[in-house]
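# Examining the three-dimensional arrangement
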Amino acid sequence: MKSRSFSFLIFGSLLATSASVHAETLFVSNPLNNTIVKFTPGGVGSVFASAGLSTPTGIAFDSTGNLYSANDGNNTILKFTPSGIGSVFASVRIG
Amino acid sequence: MDNPYGLAFDSAGNLYAANFNANTIEKFTPGGVGTVFASTGLNQPTGLTFDSSGNLYAANYGGNSIEKFTPGGVGSVFASSGLSGPHGLVFDSAGNLYAANASNGTVEEFTSSGVGSLFASGGLNQPAGLAFDSSGSLFVSTYGGNTVEEYTPGGVGSLFANSGLNGAHFIAFNTTVSTPEPGVFGLFTGLVLSGCVFLKRRKRT
């Protein structure tokens with residue numbers, strides 16, 4: 001009985017581990033067609049965001065999984081939720 | 001902002017942006033309030049990244065150098081050799097810094113003390129963005145080639161993706177996504193089943 005409960009725990013942990021590895025997604029900014037695309041670990045791509053982007057350059061994630069995109073074309077930083085909904089995070093020139 | 005390029009978060013959640021044309025780095029609070037963090041030692045800054053001690057590194061595309069800033073914003077030259085149009089920057093888990101040289105198609109690796117060596121060359125058409133996955137493979141986007149290449153820790157490269165890219169620029173892994181439902185479900189199921197077995201055993205004794 002003890003070994004069965006252990007095996008259930010191990011089974012669950014393995015599922016959890018494999019799922020979190022598969023969540024690793026690569027995002028790429030495309031300044032020449034104003035998109036941000038994402039790739040699965042297997043290299044399958046799809047468009048993540050295109051609205052509001054103007055020559056997107058730098059991208060970075062905050063600790064809660066929001067994606068920030070620097071836009072060379074219109075001097076803004078946009079914030080995208082994990083589901084791809086965008087809003088302007090900063091646009092004022094200060095430096 | 002003035003032609004913002006690279007972005008990086010510090011451990012406190014502040015966002016830093018390199019202003020390519022203004023030669024400044026701006027710092028934004030999580031609420032979006034900006035101030036100038038640095039305005040010296042910068043020459044067309046592109047990529048930004050932090051080391052584990054909270055120092056900020058900026059690639060100077062125009063100056064072929066990497067500038068290092070303390071958390072207080074005091075700058076110094078970290079490296080000025082082995083660089084040719086440096087763009088993306090990233091640290092590996094051992095504290096080595098990698099720079100994508102857009103102008104000569106190489107990736108240079110630097111020790112924490114700034115000693116450089118060639119990590120990858122050949123087949124890279126204007127390398128721009130760099131990012132490590134959790135297994136220690138380095139991904140390199142190529143602006144001119146519209147590809148993403150993947151390198152093993154030993155420096156062996158292979159094509160990762162070449163579709164849907166148009167001026168492939170900065171790249172980033174989303175490693176902050178919480179474990180999705182199947183994993184949580186699996187763990188939950190395991191715990192519940194284990195609990196059932198435990199209770200069943202207790203009842204018998």
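Coordinates for the structure precede this section.
Residues numbered from 1 in each chain as written. Chains lettered and ligands numbered in written order. Predicted model: local features only at pLDDT ≥ 70, side-chain atom pairs only at ≥ 80, totals over all residues.

### Section: the environment of Phe78 of chain B
All names here are of chain B. Here Phe78 shows up in strand 8 (residues 75-79). When the 21 C-beta atoms within 10 Å are taken as the criterion, Phe78 is described as buried. Sequence separation between Phe78 and Gly122 is 44 residues, and the spatial gap between their C-alpha atoms is 26 Å. (Helix = DSSP H or I, 4+ residues; strand = E, 2+ residues; numbered from the N terminus. Buried ≥ 20, exposed ≤ 12 C-beta atoms within 10 Å, placed from the backbone.)

### Brief notes about unusual backbone geometry
Non-glycine residue Thr55 of chain A carries a positive phi angle of around 50°. Along the chain, Thr55 of chain A falls in the loop between strand 3 (45-49) and strand 4 (56-61). Note on Thr55 of chain A: 18 C-beta atoms within 10 Å, which makes it partly exposed. Unusually for a residue other than glycine, Asn3 of chain B sits at a positive phi of about 55°.

### Overview of the sheet that holds strand 6 (residues 56-60) of chain B
Residue and element names in this part refer to chain B. Pairing in this open sheet of 4 strands is antiparallel, and the strands run 5-6-7-8 from one edge to the other. The sheet terminates laterally at strand 5 (45-50) and strand 8, the two strands that pair on one side only. Shown here is a sheet whose adjacent strand axes are inclined to one another by a mean of 30°, direction ignored. In this structure, strand 7 (residues 65-69) lies alongside strand 8, joined through 4 bridges in antiparallel fashion. Note that in strand 8 the partner of Ile66 across the bridge is Ala79. (Pairing = 2+ DSSP bridges. Axes fitted to C-alpha atoms, helices over the stretch in contact; angles between N-to-C directions.)

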